[in-house]
Amino acid sequence: MAKTTKVNPHAGSSFDDFLKEDGIFEEVQARALKRALAEQLDDAMQSAKLSKVGMAQRMATSRSQLDRVLDPGNLSIQLDTLIRAASAVGKTVEIRLKPETKRTRVNTA
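Residues numbered from 1 in each chain as written. Predicted model: local features only at pLDDT ≥ 70, side-chain atom pairs only at ≥ 80, totals over all residues. Heavy atoms only, no water.

Engineer: I'm lost on unusual backbone geometry in this one. Help?
Structural biologist: If a residue is not glycine, its phi is most likely negative; likewise, a peptide bond is most likely trans. For Lys49, which is not glycine, the phi torsion reads 55° and is therefore positive. Within the secondary structure layout, Lys49 lies in the loop between helix H2 (25-47) and helix H3 (52-59). Taking relative accessible area as the criterion, Lys49 reaches 76% and is therefore assigned exposed. Even without being a glycine, Ala60 presents a positive backbone phi close to 60°. (Helix = DSSP H or I, 4+ residues; strand = E, 2+ residues; numbered from the N terminus. Buried < 20%, exposed > 50% of the residue type's maximum accessible area, 1.4 Å probe, protein only.)

Rendered as C-alpha cells:
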C-alpha cells in the first residue's frame, strides 16, 4: 500500500520555481555555488595558515587572479584555475551532473 504524504494546500510554489519564472534561476545557482567554493578555499587557506601571496605562488598566478577566484561575486573563473587553487591547499575539485528534482504536490482532499 502506497503511503501518501499530506501537503499543505496553502503552500505556494517552491523558491526554485519562483526563480525559474523570473528567469534568474541559473544565475542565482551559479552565484551560490561560487560563494560556497570561495568560502571553502578561504577556509582551507586559513587552516593551512596560507597568505594570499603564498597561495598565489603555489598556484603560479598573480594575487589579483587569486582575488578573482576568492571573490564570490566574480562568476568568470576558469575550471583550470579552480583546480589549481584547490590543489594549492591540498584539495581536489569534484563536479558532477545530477538530474533535476521535480517537486510534486499530492492533494489529499
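Engineer: Explain the nonpolar core here, please?
Structural biologist: Note that soluble globular proteins tend to have their nonpolar side chains buried in a common cluster. Counting 14 residues, the largest nonpolar core has Leu41, Met45, Met55, Met59, Leu66, Ala85 and Val89 as its most contacted members. Within the residue set of this core, elements represented by two or more residues are H2, H3, helix H4 (63-70) and helix H5 (79-88). For Ala85, the contacting residues outside a window of four places in its chain are Leu41, Met55, Met59 and Val69. (Core = buried A, V, L, I, M, F, W, Y, C linked by side-chain atoms within 4.5 Å. Contact = heavy atoms within 4.5 Å.)

Engineer: Would you explain H3 in this entry?
Structural biologist: For an α-helix, the turn length of 3.6 residues means that residues three or four places apart are oriented alike. Every buried residue belonging to H3 is among Gly54, Met55, Ala56 and Met59, and all of these are buried. Considering only its buried residues, H3 is in contact with H2, H4 and H5. Phi turns positive one or two residues past the end of H3, at Ala60, with a value near 60°.

Engineer: Hey, could you run me through the side chain of Lys34 in this one?
Structural biologist: Mapped onto the elements of the fold, Lys34 is located in helix H2. Salt bridges are absent for the buried Lys34, whose nearest opposite-charge side chain, Asp71, sits at 6.1 Å. What Lys34 contacts, discounting residues up to four positions off in sequence, is Arg68, Val69, Asp71, Pro72, Asn74, Leu75 and Ile77. (Lys, Arg positive; Asp, Glu negative; His and termini not counted. Salt bridge = Lys/Arg side-chain N within 4 Å of Asp/Glu carboxyl O.)

Engineer: Would you explain the packing of H3 against H5 in this entry?
Structural biologist: Any two packed helices are characterised by the angle at which their axes cross and by the distance between the axes. Here H3 crosses H5 at 115°, and the two axes come no closer than 9 Å. Where H3 crosses over H5, the handedness of that crossing is right-handed. Residues Met55, Arg58 and Met59 of H3 form the contact with H5, whose own contacting residues are Thr81, Arg84, Ala85 and Ala88. Of the residues belonging to the contact of H3 with H5, the class tally is 4 nonpolar, 1 polar and 2 charged. (Axes fitted to C-alpha atoms, helices over the stretch in contact; angles between N-to-C directions. Left-handed = near helix turned anticlockwise from the far one by under 90°. Nonpolar A, V, L, I, M, F, W, Y, C, P; charged D, E, K, R; others polar.)

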